[in-house]
Amino acid sequence: MAYDAVAPGSSPQTDPFTPSADSVLWRKDFLLGAATASYQIEGAVDEDGRLPSIWDTFSATPGKVLAGDTGAVACDHYHRWEGDLDLLTRLNFEAYRLSIAWPRVMDEAGRPNQKGLDFYKRLLGRLKDKGLQTFVTLYHWDLPQHLEDRGGWLNRETVYRFADYADLMSRQLAGHVDAWTTLNEPWCSAFLGYGNGHHAPGLANVRYATQAMHHLLLAHGQATQVLRTNDPASIKGIVANVGRGTPASSSEADRRAAHLFEVQHNAWILDPLLKGEYPADLWALWPGAEPLVLAGDMQTIAAPLDFLGINYYFRTNVKSDGAHGFVDVPLPDVERTQMGWEVNPDGLRDLLTGFHGTFANLPPIYITENGMASDDQVRDGRVDDTQRISFLKRHLAAVDQAVKQGVDVRGYFVWSLLDNFEWAFGYERRFGVVHVDYGTQQRTVKRSGELIAQFIDARSKRD
Ligand code: IFM
């Protein structure tokens, strides 16, 4: 399949990555980085005082993760972090987005675990020495298991424990962090974790999902206040995964279904953060599933953000389920990734311009994740990830179009630096711009990584 319009005689594998001359990508202050997350790369799950997380428990439960994979070793980044940070500089990235494993840095009584803290101090110190900007996420899904044993995100106590954790981290790491993000993708934590059970902790009840979401957002709001006090020099935000829903037909019912899809995926998170209220249509979709909200909660949740992180992967075509919901109707003959996700760069542009039109107080945006999985193989020491190269070019062009339509997008992080543990899909799905051989832990820069490196180098040399 051809993924890109290419000049005769050229090939998308070898074409340099060259955005249009007037693209925002040429602006030297448009940050280009790569992202990872603790449980997906670190391994070393029982070293130096790290406690079990809900993902250790979930992945050890038969049937929950493809092929029975777990994050016990992952990319062994806990031991190989120096080489991995060298890859970032080899690829000329200007920023790195990582997450901290909460169970690595605090014990059950909330006391600091010095060895875990030292790991992140060394890592962030090295990134600063290398001149990279650091985007640090406090919660990318690895909740300490002892908190889940007390109800996890269904228990309001977890909100207060998260604020304590934010307090510890921002006291310890102030000066090492350019941008804090409280949560990565609360939709996944709440809906996949508590609503349909596809992710840890594996509970399946929509009422749980809405209560978990409320507590996650409240934890974000409380943590943001703490971060502002302890580390005033950094910027603070949250990362939302957003979904584009399009109607399967022009019927009123299908257009309503597409609207409800976006309410469930986007407004459920963005409305409380940016308007201080849950979208009323969410309760049309899920009657009677309103969470318990205490006085003052919504004000805490809606405290101003310095930036909003947006993660975007695919578009979903939906139709009415004949009642008050929607069902997916995957389009035939469209380009898809190894995940089966539809490739649709326009969806990213349309969501960004839509948010810009909807929210008067939309903060500056960073695309904190975008990328795709493919079944990449090393052949003769090379990985020609043709589809990824084309995917990245087209999504970056979509970001540029959104900027030209007035959206304040300040940077872009590819997901991911390394192939890694893709949650319920284990190690089969490869998202990295660097290939990882899980048998030997050998890293091989893919062609996409080489082309990104060439572009950033060329940009740095432009007047
Ligand atoms: O791997 C995940 C990441 O942890 C969160 N955002 C989506 C990615 C791809 O599924």
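Residues numbered from 1 in each chain as written. Predicted model: local features only at pLDDT ≥ 70, side-chain atom pairs only at ≥ 80, totals over all residues. Heavy atoms only, no water.

Of all hydrophobic cores here, the largest spans 135 residues; its most connected members are Trp-55, Phe-93, Trp-153, Phe-162, Met-169 and Trp-268. When residues in this core are grouped by element, the largest group, eleven residues, is from helix α10 (residues 252-275). Trp-55 has contacts with Tyr-39, Val-65, Trp-141, His-199, Ala-200, Phe-421, Trp-423 and Ala-424, leaving out every residue within four places of it along the chain. Ala-35, Ala-37, Met-339 and Phe-413 belong to the second largest nonpolar core, which has 14 residues in total. (Core = buried A, V, L, I, M, F, W, Y, C linked by side-chain atoms within 4.5 Å. Buried < 20%, exposed > 50% of the residue type's maximum accessible area, 1.4 Å probe, protein only. Helix = DSSP H or I, 4+ residues; strand = E, 2+ residues; numbered from the N terminus. Contact = heavy atoms within 4.5 Å.)

Before going further, it helps to spend a moment on the UniProt feature "binding site: substrate" (unreviewed entry) in the protein. In the UniProt entry, the feature "binding site: substrate" (unreviewed entry) is given for Gln-40, His-140, Asn-184, Tyr-313, Trp-415, Glu-422 and Trp-423. Judged by relative accessible area, Asn-184 falls into the buried class, the value being 1%. Engagement of the side chain of Asn-184 in a polar contact is seen with the side chain of Arg-97, the distance being 2.7 Å. Mapped onto the secondary structure, Glu-422 falls in the loop between β11 (409-415) and β12 (434-437). Other than its neighbours up to four places away in sequence, Glu-422 contacts Gln-40, Met-339, Trp-415, Arg-429 and Phe-431. (UniProt positions renumbered as here; feature names shortened; annotations may be inferred. Polar contact = N/O pair within 3.5 Å; in protein donor to acceptor, adjacent residues only side chain to side chain.)

Here the focus is the pairing of strand β3 (residues 133-139). The element β3 is largely enclosed, with a buried count of six among its seven residues. Sheet analysis places strand β2 (residues 95-99) next to β3, joined by five bridges and oriented parallel. Looking across to β3, one finds that Arg-97 is bridged to Phe-135. Pairing between β3 and strand β4 (residues 179-184): four bridges, direction parallel. The residue of β4 that forms the bridge with Thr-137 is Thr-181. (Pairing = 2+ DSSP bridges.)

UniProt records the feature "active site" (unreviewed entry) for Glu-185 and Glu-369 in the present numbering. Annotated residues spanning 185 residues; largest pairwise C-alpha distance 10.4 Å, indicating a single compact cluster. Along the chain, Glu-185 falls in the loop between β4 and α8 (186-195). Classification of Glu-185 by relative accessible area gives buried; the value is 6%. Residues contacting Glu-185, with those up to four places away along its chain left out, are Trp-141, Val-239, Asn-241, Asn-311, Tyr-313 and Glu-369. Residue position: Glu-369 is located in strand β10 (residues 365-369). For Glu-369, a relative accessible area of 4% translates into the label buried. Excluding residues within four positions of it along the chain, Glu-369 makes contact with Arg-97, His-140, Asn-184, Glu-185, Ile-310, Asn-311, Tyr-312, Tyr-313, Phe-413 and Trp-415. In terms of polar contacts, Glu-369 uses its side chain to reach the side chain of Arg-97, at 3.0 Å.

Looking now at the sheet that holds strand β9 (residues 326-328). With mixed pairing, three strands are arranged side by side in an open sheet as β6-β8-β9. Two strands lie at the open edges of the sheet, namely β6 (244-247) and β9, each paired on one side alone. On average, each strand axis in the sheet is tilted by 45° relative to the strand beside it, whichever way the strands run. Across four bridges, the pairing between β6 and strand β8 (residues 315-320) is parallel. Bridged to Thr-246 within β8 is Asn-317. Of the strands in this sheet, β6, β8 and β9 touch α10, which is tilted by about 130° from β8. (Axes fitted to C-alpha atoms, helices over the stretch in contact; angles between N-to-C directions.)

Here the residue pair Ala-200 and Pro-201 is connected by a cis peptide bond, since its omega of 5° sits within 30 degrees of zero. Its location among the elements puts Pro-201 in the loop between α8 and α9 (206-230). Backbone torsion omega between Trp-415 and Ser-416 reads 20°, so that peptide bond is classified as cis. With respect to the helices and strands, Ser-416 occurs in the loop between β11 and β12. Of note in the backbone geometry, Asp-48 takes a positive phi value of approximately 50° without being a glycine.

Another aspect to go through is the packing of aromatic side chains. The description of an aromatic ring pair uses the distance of the two centres, along with the angle that the planes make with each other. The tally for this structure, following the rule as stated, stands at 35 aromatic pairs. For the ring pair Trp-102 and Tyr-139, a centre distance of 6.3 Å and an interplane angle of 85° mean the geometry is edge-to-face. Of this pair, Trp-102 sits in helix α4 (residues 102-105) while Tyr-139 sits in strand β3, placing them 37 residues apart in sequence. A relative accessible area of 2% means that Tyr-139 is categorised as buried. Counting every residue linked through ring pairs, the aromatic cluster contains Tyr-39, Trp-55, Phe-58, Trp-141, Phe-421, Trp-423, Tyr-427 and Tyr-438. The ring of Tyr-78 is capped by Arg-104, whose NZ or CZ atom sits 4.2 Å from the centre of that ring. The cationic tip of Arg-462 hangs over the ring face of Trp-26; the distance from NZ or CZ to the ring centre is 4.0 Å. (Phe/Tyr/Trp six-rings, centres within 6.5 Å; stacked < 30°, edge-to-face > 60°. Lys NZ or Arg CZ within 6 Å of the ring centre and 35° of its normal.)

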